[in-house]
Amino acid sequence: MILIGIMSIALPLIVSAQTLGASGGCHVGAVLLKKHYGPWNETGNPEIFLPTDSWLNHPFVFQSAGIKTSLLPYFSSKTNTFDFVKFSEAIRSLPTQSVILVQSGAQNPTGCDPSPDQWRELASIFSERGHLAFFDAAYPGFASGDIDTDLAGVRLFAEQEIPFIFVSTYGKSFGLYSERVGIISVLVPSEQAGKNIETQLSLLARSESGAPPDFGSKIVETVLSDETLESQWRHEVRDMANQLKRRRVALREGLEKFETPGSWRHITEQNGMFSYVGLSVEQVTLLRDKYHVYLQDSGRISIAGLNSSNIDHTARSISAVVKATYDLSAL
């Protein structure tokens, strides 16, 4: 079956459809925009702007749909924090009605998210410039522990009727990785526009997968349709987020205990499953070869991969590598 429908959140209208996870949602959204987004059709130059530090698969998904990907500054390697000034200035300088991808919370790979005030300023810029936001929400609840809090930026855009496409997956928050249960939602200006988009989503669903998987969606529907089960699920998501926060604290405390050069406060200020620890490629390579601690070349570490058995070894190893390369990296 293909689950597609229109719902109202206060005044805005939302058209939603089931997808093959968030990756499938990104691809459906890309094809929908490629075919029907007015500003692109006028110029013949479909282009989406991504943060320089974003999920590795984002460029591939959009490029496979024939959409050019360009990068926006997002992360400061000097402070290991979200560079809101450069990001917001870049968005403000883009051509009007540009399409910009943003993650709603627990940003992968940096773990750095806009604050509530920054979300409000971003909404103001998007509204002023007529931009369309392409939200990717892979980890609702994994930043703050509360799903509604993590999606507050999306709700803000909806309330202000800023055009957006929203994709999300239930793979992480429901532990349904192999079931590929996702959703795409489109904010539409009118009921007729919603019906038109609903028709296009139906056609895309049929052409891309015939019909999305049924088993995983039934699990999600069962949980969210029962008040007790939903409450239990929300509690478990909150517990997962708290576990991630405790692991961040343990890693930071370990690095500080071993008197690792530099500041490590960014580890506990970032959110979610991943962190840009702030290591160079040279340091990451040494960490792998000598201590068998494995990070991506970017310095992204999986906080979810840390546990009571390996956090001390990880902190001790990172400390040794930073000390061994400290003079060279400081030049």
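These figures come from a predicted structure and were not determined experimentally.

Engineer: Even after reading the chapter, I still don't get the overall build of the chain, so can you show me in this structure?
Structural biologist: Looking only at helices and strands, the chain features 13 helices and 12 strands. Against the 2.2 N^0.38 benchmark of 20 Å for 331 residues, the chain shows a C-alpha radius of gyration of 21 Å, consistent with a compact globule. Projecting the C-alpha coordinates of the chain onto the three principal axes gives extents of approximately 65 × 45 × 35 Å. Considering only contacts within the chain whose residues lie at least 6 apart along the sequence, 69% involve residues at least 24 apart. As displayed, the chain offers around 15500 Å² of accessible surface, 53% of which is attributable to carbon and sulfur atoms.

Engineer: Would you take a moment to explain the side chain of Ser54 for this structure?
Structural biologist: Topologically, Ser54 is positioned in the loop between β3 (47–51) and α3 (57–64). Take Ser54: its relative accessible area is 11%, and that puts it in the buried class. At 2.8 Å, the side chain of Ser54 and the side chain of His58 are in polar contact. In contact with Ser54, other than residues within four places in its own chain, are Leu101, Gln103, Gln107, Asn108 and Pro109.

Engineer: What am I meant to see in the environment of Gly216 here?
Structural biologist: Inspection of the secondary structure assignment puts Gly216 in helix α9 (residues 215–224). For the pair formed by Gly216 and Glu42, sequence separation is 174 residues and the distance between their alpha carbons is 40 Å. Not counting residues up to four positions away in its chain, the partners in contact with Gly216 are Leu176, Glu179 and Val181.

Engineer: Please clarify how the domain arrangement of the chain should be interpreted in this entry.
Structural biologist: For an interface, size is often stated in terms of accessible area lost upon the parts coming together. Here the chain is partitioned into domain 1 (13–215) and domain 2 (229–330). Inter-centroid distance (C-alpha atoms) of domain 1 to domain 2 is 28 Å. Counting from both sides, the interface comprises 26 residues of domain 1 and, opposite them, 21 residues of domain 2. The largest per-residue losses of area from domain 1 upon contact with domain 2 belong to Asn80, Phe142 and Ile147, which jointly make up 28% of the total buried on that side. In this structure, the connection of domain 1 to domain 2 is made through 1 salt bridge. Of the charged contacts, one joins Asp148 and Arg234 as a salt bridge, the two residues approaching to 3.5 Å between their closest N and O atoms. Where domain 1 meets domain 2, there are 7 residue pairs in polar contact (both at pLDDT 80 or more). Split into classes, the residues belonging to the side of domain 1 that touches domain 2 amount to 12 nonpolar, 10 polar and 4 charged.

Criteria and cut-off values
- Residues numbered from 1 in each chain as written.
- Predicted model: local features only at pLDDT ≥ 70, side-chain atom pairs only at ≥ 80, totals over all residues.
- Heavy atoms only, no water.
- Helix = DSSP H or I, 4+ residues; strand = E, 2+ residues; numbered from the N terminus.
- Rg over C-alpha atoms; globule rule 2.2 N^0.38 Å.
- Contact = heavy atoms within 4.5 Å.
- Areas by Shrake-Rupley, 256 points an atom, 1.4 Å probe, with all protein chains shown as cover.
- Buried < 20%, exposed > 50% of the residue type's maximum accessible area, 1.4 Å probe, protein only.
- Polar contact = N/O pair within 3.5 Å; in protein donor to acceptor, adjacent residues only side chain to side chain.
- Domains from an automatic or database assignment.
- Buried area = accessible area lost by both parts, 1.4 Å probe.
- Salt bridge = Lys/Arg side-chain N within 4 Å of Asp/Glu carboxyl O.
- Nonpolar A, V, L, I, M, F, W, Y, C, P; charged D, E, K, R; others polar.

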